[in-house]
Amino acid sequence: MKLFRYIQGAGSFKRYYRLLNDLYRTVYGRELMLHFPFYLEENESFIQRQYNLVDHCLENLGDLSDQVLLEVGCGNGANCKYISVLNESVTIIGIDLNEENLEIANAHMGSSRTQFIHDDAQKLDHIEDSSVDVLICIESALHYPDKDAFFRQISRVMKPGGKFLVADILRRKEDRGRSLWWWKRTMLLHHTNENDYQDYATRNKLKYLATSDITPEIVKGYEGHRSWIPRENRNWGSFVLLRFTLAILVRLYLKELRIHKKYMVFNGVHA
Ligand SMILES: C[S@@+](CC[C@H](N)C(=O)[O-])C[C@H]1O[C@@H](n2cnc3c(N)ncnc32)[C@H](O)[C@@H]1O
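In short, a report on the structure. If you're wondering where the values come from, they're calculated on a predicted model, not measured in any experiment.

1. Regarding the overall build of the protein
Right, on to step 1. Tallying secondary structure elements over the protein gives ten helices and seven strands in all.
Right, on to step 2. Against the globule reference of 18 Å for 271 residues, the protein gives a C-alpha radius of gyration of 18 Å, in line with a compact fold.
Right, on to step 3. Viewed in the frame of its principal axes, the protein has a C-alpha envelope of about 55 × 45 × 35 Å.
Right, on to step 4. Counting over 271 residues, the protein shows a buried share of 56%.
Right, on to step 5. Counted over contacts in the protein with a minimum sequence separation of 6, partners at least 24 positions apart contribute 69%.
Right, on to step 6. Approximately 13000 Å² of the protein is accessible, and the part contributed by carbon and sulfur atoms is 51%.

This is how it looks when you write it as structure tokens:
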């Protein structure tokens, strides 16, 4: 039964996130962030490496105290929760299109200064003009067919001088975007390249302060993944199944990242 559910997970965007949430709950007993791990040191846990990525993203965004931070594509809210613990005075809004992720966010990730809203990154209907100090978008823009519309929204909702960060998986220059076409279709993947990203910013009066390629840290982040599923009280069948599912996912991610894609971080400012 579980095997059937895991196979189904590859079949659609919604089911993929259901599978990830289910996998993490089964292995770790709680929801985790829905992004790739970032390597800093040997022998770190998967959870620590997910935190590392958020820490890395926050590094250049300055002091968040008393700021309004918008996370676009907040998933199950785990990043928002992590940030709300790091800084108690930041006001956080998380938006996402996936109702199941938002249900988890509302049930487990809230704080008095955090709210989660159903919205589309390309519209941001619920976010007022010039209302956001800091905007982050981690591993979500790859799903947006119209990234120019998303950048228009960044420009509209941010206060002048506000900082934004987009972490996204891009096509390498030479890649024609034909790898894993079946996975892309079912997973609503719309990867673009770095030139497109330069155009989105220029057209929408946004300025990058720094761009960096963190593919090596992400690829290395999967080092040691065989130890991430503890045997503990699990029966042999579910242990093997979990290991197998993780091994397939890791293989898929790493092949893409090593050959066709790169993981980029864009730090910018509203001019
Ligand atoms: C890989 S998850 C990342 C979640 C979170 N940012 C994190 O780092 O854990 C991508 C999220 O983007 C959301 N998403 C996809 N398309 C979207 C859109 N057009 N507007 C808002 N959210 C979207 C998905 O529902 C999913 O929850």
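2. Comments concerning helix α6 (residues 147-157)
Right, on to step 1. Among the eleven residues in α6, nine count as buried, and that is most of the element.
Right, on to step 2. Along α6, the residues classified as buried are Lys147, Asp148, Ala149, Phe150, Phe151, Gln153, Ile154, Ser155 and Val157.
Right, on to step 3. Close packing links the buried residues of α6 with β1 (68-72), β4 (132-138), β5 (158-171), α8 (194-203), β6 (206-213) and β7 (261-270).

3. A word on the site of the ligand
Right, on to step 1. In the region of the ligand, 24 residues are neighbours, and Leu34, His35, Gly73, Asp96 and Ser140 sit closest.
Right, on to step 2. Within the backbone of Ile138, one N or O atom sits 2.9 Å away from a nitrogen atom of the ligand.
Right, on to step 3. Separating an oxygen atom of the ligand from a side-chain N or O atom of Ser140 is a distance of 2.7 Å.
Right, on to step 4. The protein chains hide 97% of the 600 Å² of surface that the ligand would expose on its own.

4. Overview of the pattern of salt bridges
Right, on to step 1. Enumeration according to the criterion identifies eleven salt bridges in this entry.
Right, on to step 2. Close ionic contact of Glu100 with Arg18 constitutes a salt bridge, the shortest N to O distance being 2.6 Å. In this pair, Glu100 is assigned in helix α5 (residues 99-108) and Arg18 in helix α2 (residues 13-28), connecting sequence segments 82 residues apart.
Right, on to step 3. Residue classification places Glu100 among the partly exposed positions, given a relative accessible area of 27%.
Right, on to step 4. The exposure class assigned to Arg18 is partly exposed, which follows from its relative accessible area of 41%.
Right, on to step 5. Asp148 is the partner of Arg203 in a salt bridge, and the nearest nitrogen-oxygen pair spans 3.4 Å. Within this pair, whereas Arg203 is found in helix α8, its partner Asp148 is found in helix α6, the two being separated by 55 residues in sequence.
Right, on to step 6. Exposure remark for Arg203: the relative accessible area of 52% places this residue in the exposed category.
Right, on to step 7. Bridged by salt links that share partners, the residues Asp148, Arg152 and Arg203 form one connected network.

5. Brief notes about the pairing of β4
Right, on to step 1. Among the seven residues in β4, seven count as buried, and that is most of the element.
Right, on to step 2. As judged from the three bridges shared by β1 and β4, these two strands associate in the parallel manner. Note that in β4 the partner of Leu69 across the bridge is Val134.
Right, on to step 3. The pairing of β4 with β5 spans six bridges and is parallel. Directly across from Val132, in β5, lies its bridge partner Met158.
Right, on to step 4. Handedness of the crossover is the feature at issue here: the chain leaves β4, passes through α6, returns alongside β5, and the resulting connection is right-handed.

6. Details of the packing of aromatic side chains
Right, on to step 1. This model, assessed by the stated rule, comprises 19 aromatic pairs.
Right, on to step 2. Between Phe36 and Tyr222, the ring centres sit 5.9 Å apart and the planes meet at 75 degrees, which makes this aromatic pair edge-to-face. Here Tyr222 lies in the loop between α9 (215-221) and α10 (236-260) and Phe36 lies in the loop between α2 and α3 (46-58), a separation of 186 residues in the sequence.
Right, on to step 3. Relative to Tyr263, the ring of Phe36 lies with its centre 6.2 Å away and its plane at 55 degrees, an arrangement referred to as tilted. Pair noted here: Phe36 is in the loop between α2 and α3 and Tyr263 is in strand β7, with a separation of 227 residues, a long-range link. The same class applies to Phe36 as to Tyr263, namely buried.
Right, on to step 4. Ring pairing ties together the aromatic residues Tyr24, Tyr28, Phe36, Phe46, Tyr222, Trp228, Tyr253 and Tyr263, which thus form one cluster.
Right, on to step 5. Taking the ring centre of Tyr39 as reference, the NZ or CZ of Lys220 above it sits at 4.0 Å.

7. Re the sheet that holds β7
Within a sheet, each strand pairs with its neighbour through backbone hydrogen bonds, oriented either parallel or antiparallel.
Right, on to step 1. In spatial order, the strands read β3-β2-β1-β4-β5-β7-β6; together these seven strands make up an open sheet with mixed pairing. The open sheet has two edge strands with one neighbour each: β3 (114-118) and β6. Neighbouring strand axes in the sheet, compared pairwise and without regard to direction, differ in orientation by 15 degrees on average.
Right, on to step 2. Along the sheet face, α8 touches β5, β6 and β7 and points at about 160 degrees away from the line of β6.

8. Looking at the packing of α3 against helix α4 (residues 78-86)
Right, on to step 1. Contact pair α3 / α4: the axes reach a minimum separation of 11 Å and the direction vectors enclose 65 degrees. Considering how the two elements wind past one another, α3 and α4 form a crossing that is right-handed. Facing Tyr51, Val54, Asp55 and Leu58 of α3, the residues of α4 in contact are Asn79, Tyr82, Ile83 and Leu86.

Scoring rules and cut-offs
- Residues numbered from 1 in each chain as written.
- Predicted model: local features only at pLDDT ≥ 70, side-chain atom pairs only at ≥ 80, totals over all residues.
- Heavy atoms only, no water.
- Helix = DSSP H or I, 4+ residues; strand = E, 2+ residues; numbered from the N terminus.
- Rg over C-alpha atoms; globule rule 2.2 N^0.38 Å.
- Buried < 20%, exposed > 50% of the residue type's maximum accessible area, 1.4 Å probe, protein only.
- Contact = heavy atoms within 4.5 Å.
- Areas by Shrake-Rupley, 256 points an atom, 1.4 Å probe, with all protein chains shown as cover.
- Near = heavy atom within 4 Å.
- Polar contact = N/O pair within 3.5 Å; in protein donor to acceptor, adjacent residues only side chain to side chain.
- Salt bridge = Lys/Arg side-chain N within 4 Å of Asp/Glu carboxyl O.
- Pairing = 2+ DSSP bridges.
- Right-handed = clockwise from strand over helix to strand, strands pointing away.
- Phe/Tyr/Trp six-rings, centres within 6.5 Å; stacked < 30°, edge-to-face > 60°.
- Lys NZ or Arg CZ within 6 Å of the ring centre and 35° of its normal.
- Axes fitted to C-alpha atoms, helices over the stretch in contact; angles between N-to-C directions.
- Left-handed = near helix turned anticlockwise from the far one by under 90°.

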